[in-house]
Amino acid sequence: MAEGEGVADQGIRVRLDESASRSDVSALKAWLEREQLLEELRIVERPRGDVPDGHMGVAMEIWLVVVSSSTTVVTDRLLSHITRAVRAWQDNRREVESGEPPQVRVDRVNPDER
């Protein structure tokens, strides 16, 4: 998060595997942005922090960050909803594009990683 953008108490990271293209990352982000339950979250693409310098391919991840302390959505419910949304995106991608969609891992953000 950039300085001055509010304090995030909770967050969820969505990582696509090495087979993901830039369009996969953008399409999944757009899919998540349309989810009504996620309207109060800031959804951003960012470079993965676990990829060594010189890595070939797309090394991006999507972070969903709760920026409002007044939200009533809890992290467990968000995690479950985001996981279902990612599976729906994968199913949709299978229908509209050839080949298997990338594997995706959804997990809580460690506050030390922000």
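Residues numbered from 1 in each chain as written. Predicted model: local features only at pLDDT ≥ 70, side-chain atom pairs only at ≥ 80, totals over all residues. Heavy atoms only, no water.

Participant: Looking at this structure, how should I read the pattern of salt bridges?
Facilitator: A side chain with one charge can pair with a side chain of the opposite charge if their charged atoms come near. Taken as a whole, this structure holds 10 salt bridges when the rule is applied. A salt bridge links R15 to E61, with the nearest nitrogen and oxygen atoms 2.5 Å apart. Of this pair, R15 sits in strand β1 (residues 10-16) while E61 sits in strand β3 (residues 60-66), and the two are 46 residues apart along the sequence. The exposure class assigned to E61 is buried, which follows from its relative accessible area of 0%. With a shortest N-O distance of 2.7 Å, D24 and R93 are connected by a salt bridge. Here the residue D24 occupies a position in helix α1 (residues 22-33), and R93 occupies one in helix α2 (residues 75-96), the gap between them amounting to 69 residues. Note on R93: relative accessible area 9%, which makes it buried. (Salt bridge = Lys/Arg side-chain N within 4 Å of Asp/Glu carboxyl O. Helix = DSSP H or I, 4+ residues; strand = E, 2+ residues; numbered from the N terminus. Buried < 20%, exposed > 50% of the residue type's maximum accessible area, 1.4 Å probe, protein only.)

Participant: Got a minute to help me understand α1 in this structure?
Facilitator: Residues spaced three or four apart along an α-helix point in a common direction, a consequence of the helix completing one turn every 3.6 residues. Helix length check: α1 (12 residues) gives 17 Å between terminal C-alpha atoms against 16 Å at 1.5 Å per residue, within 8%. Three or more residues of α1 are buried, namely D24, V25, L28, K29, W31 and L32. All buried residues of α1 project into a common sector of 160 degrees when viewed along the axis, lining one side. (Expected span 1.5 Å × (residues − 1). Arc of directions from axis to C-beta.)

Participant: In this structure, what is going on with the pairing of β3? I would like to understand it.
Facilitator: Looking along a regular strand, one sees the side chains alternate between the two faces of the sheet. Where burial is concerned, most of β3 is hidden: seven out of the seven residues are buried. Neither face of β3 is exposed, since M60, I62, L64 and V66 on one face and E61, W63 and V65 on the opposite face are all buried. Direction of pairing for strand β2 (residues 41-47) relative to β3: antiparallel, over a ladder of seven bridges. By the bridge assignment for β3, E45 is matched with I62. (Pairing = 2+ DSSP bridges.)

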